[in-house]
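# Examining the three-dimensional arrangement
Listed below are the residues making up each chain.
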Amino acid sequence: MMIDLRSDTITRPTGEMRRAMYEAEVGDDVYGEDPTVNRLEEESARVMGKEAAMYVSSGTMGNQVAILTHTSPGTEVIMEANAHIYYYEAAAASAFAGIQPRPLAGNKGVIPPELVAGAIRADDVHLPPTSLICLENTHNRGGGKIVPLENMKAIYKLACKHNIPVHLDGARIFNASVASGIAVQDYTGCTTSVQFCFSKGLGAPVGSIIAGPSGFIDEARRWRKRLGGGMRQAGVIASACLVALTSMVERLADDHANAHLLAEGLAGLNGLDFDPREVDTNIVIIKPMKMLPGQLKEELKKRDILVSVMEPDMIRLTTSREVNREDIEKTVIAIKEILAG
Ligand SMILES: *Cc1c(COP(=O)(O)O)cnc(C)c1O
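Residue positions within a chain follow its written sequence, with the count starting from 1. For a predicted model such as this one, the threshold for reporting local features is a pLDDT of at least 70, and the threshold for listing and counting side-chain atom pairs is 80 or more; totals across whole chains, interfaces and linings nevertheless cover every residue. Water and hydrogen atoms were dropped before computing side-chain values, which therefore reflect all heavy atoms in the structure.

## Considerations on the side chain of His-84
Mapped onto the secondary structure, His-84 falls in helix 4 (residues 84-87). The contact criterion used is simple: two residues touch if any of their non-hydrogen atoms lie within 4.5 Å. Contact partners of His-84, with chain neighbours within four places excluded, come to Thr-60, Glu-89, Glu-136, Asn-140 and Asp-169. Helix numbering and strand numbering both begin at the N terminus, where a helix is a DSSP run of H or I of at least 4 residues and a strand a DSSP run of E of at least 2.

Okay, here's the thing in structure tokens:
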């Protein structure tokens, strides 16, 4: 059996999800007639503390529909330089929304509020208006870092002062909440809109939600349709998301415990640039110093362990319900052996 630490997106639906999918009541969601999708959207809006929510096919579509709805072409969007929206969405915000990204260098994904304050454009004919601020929590390239609530509050306060909306890429916002003990609504309370993924640690096969004010969601529905994201009997997949939302959140703590176990095992290893104190949630990023990440990845693969190379010098290991303690112990032993040559 392979030990798959490439991503938490590899999680497969549970038996309960499969049964819910089989039994799902469905209708045409573009007509607003799929009772299961409607229930998922209502429940998600409630959990996020927002007026309304909309089911979308992926996290990327959720973020992009949010950007399209909040902005107009020729405006500028502030985002962190390692944000998923900047790094991993194939420049969709430039290609579709016609915005100019304004990437700011954060620390593990956390942007100092002073930097945001300095980046908000003045009203001047030479300058693009700042139309949106995007945040990400937990921060993927920041190693699953929990962005502190205080940081989000400070940025939101600034945004409100300038009348600029804030969108949260909360693909893993439940990881942040479960690990920090801070309610999801406290985080989303510092944002205008939020996107979160069902298809990562929550284990559902397909889909994300965007949530926000009802007028925003009404407009977002048109953007989703325009992009070809209007799905019909989507209750078949939304049913699994309902199971995820009601029964898979608390278990994220197991993924965090496994990531910490991995971190402890790798702490202080010769040949590894790694600080276990940087592990907040379910992502562990290591830098091998005496071999290329690609080599370490290949050696691990020979031992039936899959990891992902994130950068020329970085490897990402992600825990999920597809791996258990024993898998983590085996991985630690394998990495020790490989590094020892
Ligand atoms: C995975 C991820 C997304 C995108 O989700 P997809 O469903 O893969 O499109 C967006 N933001 C972050 C932080 C992610 O980790």
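So, next bit.
## Topic: the nonpolar core
Buried Ala, Val, Leu, Ile, Met, Phe, Trp, Tyr and Cys residues form a nonpolar core when they are joined through side-chain atoms within 4.5 Å. Between buried and exposed lies partly exposed: a residue is buried under 20% and exposed over 50% of the maximum accessible area for its type, with that area taken using a 1.4 Å probe on protein chains only. If you look at the biggest cluster of nonpolar residues, it comprises 53 residues, and the most contacted ones within it are Leu-40, Met-48, Tyr-55, Val-116, Ile-133, Phe-174 and Phe-198. Per element, the largest residue contribution to this core is 8 residues, and it comes from helix 11 (residues 235-247). Not counting chain neighbours up to four residues away, the residues in contact with Met-48 comprise Ile-173, Phe-174, Val-184, Gln-185, Thr-188, Val-194, Phe-196 and Ala-211. Among the nonpolar cores identified, the runner-up in size contains 26 residues, and Leu-272, Leu-296, Val-323 and Ile-335 belong to it.

## Quick notes on a nonpolar patch on the surface
Where nonpolar side chains cluster on the molecular surface, the patch consists of Tyr-86, Tyr-87 and Tyr-88 and spans about 280 Å² of accessible area. Structurally, Tyr-88 is set in the loop between helix 4 and helix 5 (92-97). According to the relative accessible area criterion, Tyr-88 is partly exposed, its value standing at 34%. Grouping into patches uses exposed residues only, defined as over 30% relative accessible area, and leaves out salt-bridged ones; the cut-off is 9 Å for like charges and 5 Å for nonpolar side chains (Val, Leu, Ile, Met, Phe, Trp, Tyr). Under the convention used here, a 1.4 Å probe and the Shrake-Rupley method define accessible areas, while residue burial counts only the protein chains that appear. Salt bridges are counted wherever a side-chain nitrogen of Lys or Arg sits within 4 Å of a carboxyl oxygen of Asp or Glu.

## Looking at the packing of aromatic side chains
Side-chain rings of Phe, Tyr and Trp, where Trp is taken by its six-membered ring, are said to pair if the distance between their centres is within 6.5 Å; with planes under 30 degrees apart they count as stacked, over 60 as edge-to-face, and otherwise as tilted. According to the stated counting rule, one finds 4 aromatic pairs in the structure shown. Arranged with centres 5.2 Å apart and planes meeting at 85°, the rings of Phe-174 and Phe-196 form a pair that is edge-to-face. You can see Phe-174 sitting in helix 8 (residues 173-180) and its partner Phe-196 sitting in strand 7 (residues 193-197), a full 22 residues away along the chain. With respect to burial, Phe-174 and Phe-196 carry one shared label: buried. Aromatic rings pair up to connect Tyr-55, Phe-174, Phe-196 and Phe-198 into one cluster. Over the aromatic face of Tyr-87 sits the side chain of Arg-141, whose NZ or CZ is 3.6 Å from the ring centroid. Note on criteria: charge over ring means Lys NZ or Arg CZ within 6 Å of the ring centre, with the direction from the centre no more than 35 degrees off the ring normal. Seen from the ring of Trp-223, Arg-226 lies directly overhead, with NZ or CZ sitting 4.3 Å from the centre.

## A few points about the domain arrangement of the protein
Marked domain ranges trace back to an automatic or database domain assignment. What the domain assignment reports for the protein is domain 1 (11-247) and domain 2 (251-340). The centre of domain 1, based on its C-alpha atoms, is set 28 Å off from the matching centre of domain 2. Taken residue by residue, the interface counts 20 residues in domain 1 and 17 residues in domain 2. Accessible area that two parts lose when put together, with a 1.4 Å probe and added across both, is what the buried area reports. Roughly 1700 Å² of surface becomes buried between domain 1 and domain 2 when both sides are summed, with 51% attributable to carbon and sulfur atoms. Measuring nitrogen to oxygen at the nearest pair gives 3.3 Å for the salt bridge that ties Arg-141 to Glu-311. For the side of domain 1 that touches domain 2, the leading source of residues is helix 8, giving 4 residues. Side-chain classes are defined by residue name, with Ala, Val, Leu, Ile, Met, Phe, Trp, Tyr, Cys and Pro counting as nonpolar, Asp, Glu, Lys and Arg as charged, and the others, Gly among them, as polar. For the side of domain 1 that touches domain 2, the per-class residue count stands at 7 nonpolar, 8 polar and 5 charged.

## Side note on the pattern of salt bridges
Taken as a whole and judged by the stated rule, the model has 19 salt bridges. In this structure, Glu-76 and Arg-102 form a salt bridge, with 3.2 Å as the shortest nitrogen-oxygen distance. Here Arg-102 lies in strand 4 (residues 100-104) and Glu-76 lies in strand 3 (residues 76-80), a separation of 26 residues in the sequence. Taking relative accessible area as the criterion, Glu-76 reaches 1% and is therefore assigned buried. Linked by salt bridges that have partners in common, Glu-299, Lys-302, Arg-303 and Glu-337 make up one network.

## Topic: helix 8
Inspection of helix 8 places Ile-173, Phe-174, Asn-175, Ala-176 and Ser-177 among the buried residues, and these make up the whole buried set. Turning to helix 8, the residues buried within the fold contact helix 2 (35-48), strand 6 (166-169), helix 9 (184-188), strand 7, helix 11 and helix 12 (252-266). Following helix 8 by one or two positions, Gly-181 adopts a phi angle in the positive range, close to 80°.

## Quick notes on the site of the ligand
Think of it this way: one heavy atom of a residue within 4 Å of a molecule or strand is enough to make that residue near it. In the neighbourhood of the ligand, 13 residues make up the surrounding shell, with Gly-59, Thr-60, Asp-169, Arg-172 and Lys-200 lying closest. Within the backbone of Gly-59, a nitrogen or oxygen atom sits 2.8 Å from an oxygen atom of the ligand. Taking Lys-200, its side chain carries an N or O atom lying 2.7 Å from an oxygen atom of the ligand. Protein contact buries 85% of the 380 Å² of open area that the ligand shows by itself. Per element, the largest residue contribution to the shell around the ligand is 3 residues, and it comes from helix 3 (residues 59-70). Counted by class, the shell around the ligand contains 2 nonpolar, 6 polar and 5 charged residues. In the analysis that follows, any N or O atom pair within 3.5 Å is treated as a polar contact, provided that within protein one partner can donate a hydrogen and the other can accept it, and provided that, for residues neighboring in sequence, both atoms belong to side chains.

## Comments concerning the pairing of strand 10 (residues 283-288)
Burial runs high along strand 10: 5 of the 6 residues are buried. Two strands are counted as paired when DSSP detects at least two bridges linking them. Relative to strand 10, strand 9 (residues 272-273) is paired through 2 bridges, and the arrangement is antiparallel. Considered in strand 10, the bridge of Leu-272 is made with Pro-288.

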